[in-house]
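Per-entry structural report
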Amino acid sequence: MNTTYSAKASEIQKKWYIVDAEGKTLGRLASQIAYVLRGKHKPTFTPHMDMGDNVIVINAEKVVLSSNKELTKLYHRHTGFFGGIKTQNAAEIRATNPERLLELAVKGMLPHNRLGSECYRHLKVYVGKEHPHAAQNPQALPERTLKN
């Protein structure tokens, strides 16, 4: 009889990966990052555990939106007050907080529960090439994971 392998918390090993977002399409890059954050690239993937690795994204302001989405893609948020819905397009978000575009895209591709929140904490997005995680010795994300 075959048994299904289920990873234990003590067996999980997390790596640090770095991704350069310059010239990459937002949605494609976000789906690949979410895949790694969730841990689906590992053969020991267990659905109910946080198996994913840490991902550092640099040059977030240089991510590309296809077609005319810079002006037509809308992001909504609510202040919590009556009639407090605020809407911005991608160009306005890029002008004020460019890393937020990638963060919102990745967050939407993770599970919408406590596990997704835990995976999301392992994402670090930075504008420019500098990041404070040099001590973790991040490796470039392998090309077999990143598909263009």
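Our structure's up above, just so we're on the same page.
Reading the values: rules and limits
- Residues numbered from 1 in each chain as written.
- Predicted model: local features only at pLDDT ≥ 70, side-chain atom pairs only at ≥ 80, totals over all residues.
- Heavy atoms only, no water.
- Salt bridge = Lys/Arg side-chain N within 4 Å of Asp/Glu carboxyl O.
- Helix = DSSP H or I, 4+ residues; strand = E, 2+ residues; numbered from the N terminus.
- Buried < 20%, exposed > 50% of the residue type's maximum accessible area, 1.4 Å probe, protein only.
- Contact = heavy atoms within 4.5 Å.
- Phe/Tyr/Trp six-rings, centres within 6.5 Å; stacked < 30°, edge-to-face > 60°.
- Lys NZ or Arg CZ within 6 Å of the ring centre and 35° of its normal.

**What about the pattern of salt bridges?**
Counted by the stated rule, this structure contains 7 salt bridges. With its nearest N and O atoms 3.7 Å apart, the salt bridge here joins D20 to K129. Of this pair, D20 sits in strand β1 (residues 16–20) while K129 sits in the loop between β5 (123–125) and β6 (139–140), and the two are 109 residues apart along the sequence. Judged by its relative accessible area of 27%, D20 is partly exposed. For D53, the salt bridge is made with K42, and the minimal N-O distance between the two is 3.0 Å. Here D53 is found in the loop between α1 (26–38) and β2 (54–58), whereas its partner K42 is found in the loop between α1 and β2, with 11 residues between them in sequence.

**Examining unusual backbone geometry**
Phi is positive for N59, which is not a glycine, with a value near 55°. With respect to the element layout, N59 can be found in the loop between β2 and α2 (69–72). One non-glycine residue, N137, lies in positive phi territory at about 50°. Secondary-structure assignment places N137 in the loop between β5 and β6.

**Things to note about the environment of Q139**
Here Q139 shows up in strand β6. Other than its neighbours up to four places away in sequence, Q139 contacts W16, Y17 and I18.

**Some words on the packing of aromatic side chains**
Applying the stated criterion to the full structure yields 0 aromatic pairs. The ring of Y120 has K107 lying over it, and the distance from NZ or CZ to the ring centre is 5.0 Å.

**Some details on the environment of Q136**
Within the element layout of this structure, Q136 appears in the loop between β5 and β6. Here the alpha-carbon distance between Q136 and K42, two residues 94 residues apart in the chain, equals 20 Å.

**Focus: the environment of A30**
With respect to the helices and strands, A30 occurs in helix α1. For A30, a relative accessible area of 0% translates into the label buried. Separated by 65 residues in the primary sequence, A30 and A95 place their C-alpha atoms 20 Å from one another.

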